Amino acid sequence: MCKFTISAYELMKKFPNEESARLYIEEKRWNGKPKCPGCNRAENQHKQKRDGKAGYYFCYHCKLTYTVRTGTIFGRSHVPLHEWLYAIYLIVTARKGISSLQLSKEIGVTQKTAWFMLHRIREACKNDDDDNEIGNLLRGIVEADETYIGGKEANKHEFKKLKAGRGTIGKTAVLGMRERDGKFKGKVLKDTTADTIQTELNTSIADGSVLCTDEHGAYAGYKLEDMTVYLSTMKKFPDEQAAMDYLASILWPDGPVCPYCQRKRIKEKTIKNYFRCNDCLKTFTIRVGTIFERSHIPLHKWLYAIRMVATKGISSVQLSKDIEITQKSAWLMLQRITKANPSFDATTGSIKIHGSTLK
Ligand SMILES: [Zn+2]
Ligand SMILES: [Zn+2]
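Cut-off values and rules
Residue numbers here run from 1 along each chain, matching the order of that chain's written sequence. Written order determines the labels here, with chains lettered from A and ligands numbered from 1. The predicted nature of this model means local features are confined to residues of pLDDT at least 70 and side-chain atom pairs, given and counted, to a pLDDT of 80 or more, with totals for whole chains, interfaces and linings taken over all residues. Going along the chain from the N terminus, every DSSP run of H or I of four or more residues is numbered as a helix, and every run of E of two or more is numbered as a strand. Three exposure classes are used, all based on how many other C-beta atoms lie within 10 Å of a residue's own C-beta (placed from the backbone): buried at 20 or more, exposed at 12 or fewer, and partly exposed between those limits. Whenever a helix is involved, its axis is fitted only over the stretch in contact; in every case the axis is a line through C-alpha atoms, and angles between N-to-C directions fall within 0 to 180 degrees. Two residues qualify as a contact pair if the distance between their C-beta atoms, derived from the backbone, is within 7 Å. Under the scheme applied, nonpolar residues are Ala, Val, Leu, Ile, Met, Phe, Trp, Tyr, Cys and Pro; charged residues are Asp, Glu, Lys and Arg; polar residues are all the others, including Gly. For two strands to pair, DSSP has to find at least two bridges joining them. Any nonpolar core is a set of buried residues, restricted to Ala, Val, Leu, Ile, Met, Phe, Trp, Tyr and Cys, that join up through C-beta atoms within 7 Å. An automatic or database domain assignment supplies the start and end points of every domain.

Let us look at unusual backbone geometry. Of note, the phi angle at N273 is positive, near 75 degrees, even though the residue is not glycine. Tracing the sequence through the fold places N273 in the loop between β8 (266-268) and β9 (275-277). The backbone phi angle of L281 is positive, close to 65 degrees, even though this residue is not glycine. Inspection of the secondary structure puts L281 in the loop between β9 and β10 (283-284). When the 10 C-beta atoms within 10 Å are taken as the criterion, L281 is described as exposed.

As structure tokens, this is what we get:
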């Protein structure tokens, strides 16, 4: 059983690139002290660079050069580590599983590569043997939740205790749940049908918390479709500037237009993203005159919200959790977005809002 409790947003923020993911996995796997996968020794390990890239280590005992990938499911793969983490996330959160085609679209690799990743991750998920290196590593990654939810050592201990006893308790009859705030719950189930498990999950864990086993597709907080919408939005617009540039390309295809007098003699101010109209002398940003006006919520979060409203609808509670804003802010966003009445075209995947088309 592998566990994962982290929102997609947290994941994207925490691992924007290969480097951040590598450092994280190194920490989880080696606890700050690189250990040679060839001879298992942690002393006399030397840091190296290759083509200017960090993350290579050399073992003076067995003369092996290695990285944190060596001997793991990430070994001999060219897929960046943060993409691997997204893939693991998608797989453990997918209610009905994920196809290699879906995965390939989501993380932008070929279907063949996606298939290979799926295969490796599933194999690793299946393995619950503590002595198994791959099993350990995957659990290490999955333990990402603890850092996010403020999990305490005591809780971790509880969790391990339960795990150790699983053989006698019965493998599938116990549902282990860790809530967002770090509390741990173990429950004995009357049966292991998807219905029972889903009910237990719904009553016991917060939205966005996710559990996974290789046996049941029933363990999921997030629906995959939501995840896909989320990750593709977040990937496209990792930050405010990316979202702003994107909006500018749609709202101002021929350069900035004054929202007050509609003229185009505009000068960008020294403060980035602020403009001044040479005709009416007013200062504005791209938000003026749009549903984003006078809002402090970053535009990429707005784009996510629009996408959700246009595609399947979302509650203010869920939205506030997804993009880490107060429920009041989420409610206000939803009010504005609903008023603007975005429509979704499934064949092109584009969203129409306020006469503009978002792709
Ligand atoms: Zn060695
Ligand atoms: Zn003007």
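Here the narrative resumes.
A word on the packing of helix α12 (residues 240-251) against helix α13 (residues 299-311). At a minimum axis distance of 7 Å, the contact between α12 and α13 shows a crossing angle of 65 degrees. Residue-level contacts link E240, A242, A243, M244 and L247 of α12 to L299, H300 and L303 of α13. Per-class residue counts for the contact of α12 with α13 are 6 nonpolar, 1 polar and 1 charged.

We now examine the sheet that holds strand β2 (residues 45-50). Sheet architecture is open: 3 strands sit in the order β2-β3-β4, paired in antiparallel fashion. Both outer strands of the open sheet, β2 and β4 (65-66), are each paired with one neighbouring strand and no more. In this sheet, β4 lies alongside strand β3 (residues 53-59) in antiparallel orientation, the contact comprising 2 bridges. Within β4, the residue paired with F58 across the bridge is T65.

Let's shift gears to the pairing of β3. Bridge count between β2 and β3: 5 bridges; the pairing is antiparallel. Of the residues in β3, the one forming a bridge with K47 is Y57. Where β2 folds back onto β3 in an antiparallel hairpin, the turn is made up of 2 residues, including D51, whose phi is positive at roughly 50 degrees. Connecting the antiparallel pair β3 and β4 is a turn made up of 5 residues, with K63 showing a positive phi of about 60 degrees.

It is worth spelling out the nonpolar core at this point. Core analysis: the largest hydrophobic core is formed by 50 residues, its most contacted members being L85, A87, L103 and A305. Three or more residues apiece are contributed to this core by two domains, here domain 1 (2-212) and domain 2 (226-358).

Looking at the secondary structure, you find Q48 in strand β2. Of the residues examined, Q48 has 14 C-beta atoms within 10 Å and is grouped as partly exposed. Once residues lying within four places of it in the same chain are set aside, the contact partners of Q48 are Y56, Y57, F58 and T65.

Attention shifts here to the sheet that holds strand β12 (residues 350-353). The 3 strands lie next to each other as β11-β12-β13, forming an open sheet whose pairing is antiparallel. Edge strands, defined here as strands with exactly one partner in the open sheet, are β11 (343-345) and β13 (356-358). Along the sheet, successive strands turn relative to each other by an average axial angle of 25 degrees, direction set aside. Across 3 bridges, the pairing between β12 and β13 is antiparallel. What sits directly across from K352, in β13, is T357. Against the sheet, α13 touches β11, β12 and β13, its axis set at about 100 degrees to β12.

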